[in-house]
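# Structure assessment
Listed here are the chains, written in short residue letters.
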2 protein chains.
Amino acid sequence: MAREETQVLEAFLHRSVPLTKTMGIGVHRIDPSGIELGAPLAPNRNHFGGAFGGSIANLGLTAAWLLVHWRLSDRVPAPTVVIAEQRVVFARPVLRALVARAAMPDQASWRDFEGALERRGRGRIAMAATVEGDGEVAARFEGSFVATSG
Amino acid sequence: MAREETQVLEAFLHRSVPLTKTMGIGVHRIDPSGIELGAPLAPNRNHFGGAFGGSIANLGLTAAWLLVHWRLSDRVPAPTVVIAEQRVVFARPVLRALVARAAMPDQASWRDFEGALERRGRGRIAMAATVEGDGEVAARFEGSFVATSG
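All values derive from a computational prediction rather than experimental measurement. (Residues numbered from 1 in each chain as written. Chains lettered and ligands numbered in written order. Predicted model: local features only at pLDDT ≥ 70, side-chain atom pairs only at ≥ 80, totals over all residues. Heavy atoms only, no water.)

Our next topic: the packing of helix H1 (residues 3-16) of chain B against helix H3 (residues 53-72) of chain B. All names here are of chain B. It is at 12 Å that the axes of H1 and H3 come closest, and there the two elements cross at 115 degrees. Our classification of the angle between H1 and H3 gives roughly perpendicular. As for the relative orientation of H1 and H3, their crossing is right-handed in sense. The residues of H3 that touch H1, namely those facing Leu9, Phe12 and Leu13, are Thr62, Trp65, Leu66, His69 and Trp70. Here the residues of the contact of H1 with H3 sort into six nonpolar, two polar and no charged. (Axes fitted to C-alpha atoms, helices over the stretch in contact; angles between N-to-C directions. Helix = DSSP H or I, 4+ residues; strand = E, 2+ residues; numbered from the N terminus. Parallel < 35°, antiparallel > 145°, perpendicular 65-115°, else oblique. Left-handed = near helix turned anticlockwise from the far one by under 90°. Contact = heavy atoms within 4.5 Å. Nonpolar A, V, L, I, M, F, W, Y, C, P; charged D, E, K, R; others polar.)

So, about the interface of chain B and chain A. With 33 residues of chain B at the interface, the matching set in chain A holds 33 residues. Interface of chain B and chain A: buried area, both sides summed, is about 2700 Å²; carbon and sulfur atoms make up 64% of it. Among the residues chain B hides against chain A, the three largest losses belong to Leu19, His47 and Phe52 of chain B. Together they make up 23% of the total. Where chain B packs against chain A, one counts two salt bridges. In this structure, the salt-bridge partner of glutamate 85 of chain A is arginine 87 of chain B, at a minimum N-O distance of 2.4 Å. For the interface between chain B and chain A, the tally reads ten residue pairs in polar contact (both at pLDDT 80 or more). For the side of chain B that touches chain A, the secondary-structure elements that each account for two or more residues are H1, helix H2 (18-22), H3 and strand E3 (80-90) of chain B. The element best represented in the side of chain B that touches chain A is E3 of chain B, accounting for eleven residues. Residue classes in the side of chain B that touches chain A are distributed as 17 nonpolar, twelve polar and four charged. (Buried area = accessible area lost by both parts, 1.4 Å probe. Salt bridge = Lys/Arg side-chain N within 4 Å of Asp/Glu carboxyl O. Polar contact = N/O pair within 3.5 Å; in protein donor to acceptor, adjacent residues only side chain to side chain.)

This part is about unusual backbone geometry. Residue and element names in this part refer to chain A. Following valine 76, the chain continues to proline 77 via a peptide bond in cis, the omega torsion being -5 degrees. Relative to the helices and strands, proline 77 is located in the loop between helix H3 (53-72) and strand E3 (80-90). Positive phi is not limited to glycine here, since aspartate 134 has a value of about 55 degrees. Structurally, aspartate 134 is set in the loop between strand E5 (122-133) and strand E6 (136-148).

With an RMSD of 0.0 Å, the fit of chain B onto chain A corresponds to turning through 180 degrees and sliding 0.0 Å along the axis. With respect to symmetry, the two chain copies, as superposed, fit the operation of a two-fold axis. Every residue of chain B has its C-alpha some distance from the rotation axis, and the shortest such distance is that of arginine 87 of chain B, at 2.2 Å. A share of 100% of the interface residues of chain B reappears at the interface of chain A, consistent with the copies meeting face to face through the same patch. (Least-squares fit on C-alpha atoms with pLDDT ≥ 70 in both.)

The strand order across the open sheet formed by twelve strands is E1(A)-E2(A)-E4(A)-E5(A)-E6(A)-E3(A)-E3(B)-E6(B)-E5(B)-E4(B)-E2(B)-E1(B), and the pairing between neighbours is antiparallel. The sheet is open, and its two borders are formed by strand E1 (26-31) of chain A together with strand E1 (26-31) of chain B, each paired with just one other strand. Averaged over all pairs of adjacent strands, the angle between their axes in this sheet comes to 20 degrees, without regard to strand direction. Relative to E6 of chain A, E5 of chain A runs antiparallel, the two being bridged by twelve bridges. Pairing of valine 131 of chain A across the sheet is with alanine 139 of chain A, part of E6 of chain A. Contacts between helix H4 (residues 107-120) of chain B and the sheet are confined to strand E5 (122-133) and strand E6 (136-148) of chain B, with E5 of chain B contributing the most and set at about 140 degrees to the helix. (Pairing = 2+ DSSP bridges.)

So, on to H3 of chain B. Under the 1.5 Å per step criterion, the end-to-end length of H3 of chain B is 29 Å for 20 residues, consistent within 8% with the ideal 28 Å. Judged by how many residues are buried, H3 of chain B sits mostly within the fold: 18 of 20 residues are covered. (Expected span 1.5 Å × (residues − 1). Buried < 20%, exposed > 50% of the residue type's maximum accessible area, 1.4 Å probe, protein only.)

Once that is clear, we can look at the nonpolar core. Counting 94 residues, the largest nonpolar core has Leu66 and Phe145 of chain A together with Leu66 and Phe145 of chain B as the members making the most contacts within it. Not counting the four nearest positions on each side in its chain, leucine 66 of chain A is found in contact with Leu9, Phe12, Leu13, Val27, Ile30, Ile35 and Leu37 of chain A. (Core = buried A, V, L, I, M, F, W, Y, C linked by side-chain atoms within 4.5 Å.)

Following the sequence through the fold, histidine 14 of chain B ends up in helix H1. Contact partners of histidine 14 of chain B, with chain neighbours within four places excluded, come to Thr20, Lys21 and Ile25 of chain B.

Pairing of E3 of chain B with E6 of chain B, which is carried by ten bridges, proceeds in the antiparallel orientation. Its bridge partner being in E6 of chain B, arginine 87 of chain B is matched across the sheet by glutamate 142 of chain B.

Here the structure, examined in full by the defined rule, presents 18 salt bridges over all chains. Several salt bridges converge on common partners, so that one network encompasses Glu36, Arg101 and Glu132 of chain A.

For chain A, the average pLDDT comes to 95, and 98% of its residues sit at 70 or higher. Taken over the whole predicted complex, pTM reads 0.96, whereas the ipTM for its chain interfaces reads 0.95. (pLDDT = per-residue confidence, 0-100.)

What follows is the structure, given as structure tokens:
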């Protein structure tokens, strides 16, 4: 995806969910296989100068949500995608900038999800993301999202 | 707890985790049995005018974390409390201000936690919180926190 397109998606994200702008979330890369987001430490710091657990969780959530949203955005009208459930396991503190990556689920799961969306106007998909700090995995995010036809 | 004391705790929260100030989180009430926090919709809104799932999750996390922190804050030095794991189930959208409540865990669990903190300098405690919008439970938060002696 061209740099200009990641900027358009980033502007959409900041406009849609203002907290993501406060968090300084940037779209580094998005393509049909996955997404990478980043965020600086300063607006996301906690009481001991590391990253706030809530910011770490939100960066994983946002990566997974934005990838699902983007993959469905050529549908007319675009479905609404919301989170239904999430689990986050925090493995280590983050003392620098954050990077989150989410990959597309396997093709069969995605086909089932799109099929349910087409047939019933509603589908559910499980997504995973990792959040890194200093190049090491700091947290693992797993979440289910529900898409509803607009 | 007197109004003045909730303001002191709120100022501590905003200073420690700046994102909680952006989210507009206020401390409504805290006492040895539990805590209630609130947040307005505007800084926490999502792409369809409801509350962002990440904000809902963070309000539950913050309620649980702040209660543990506060209950341990008379120890010298005060332990550091961080989140280790969380699960959030979202039951319904929130279209107005958010309210989160966390209660103290049962006394035996809390005693085990404080005992581990004293003996080994490290303890783990499971906490739960609910997040409401419009007086209905919108999400249930469950998380484990690890405290380490300072």
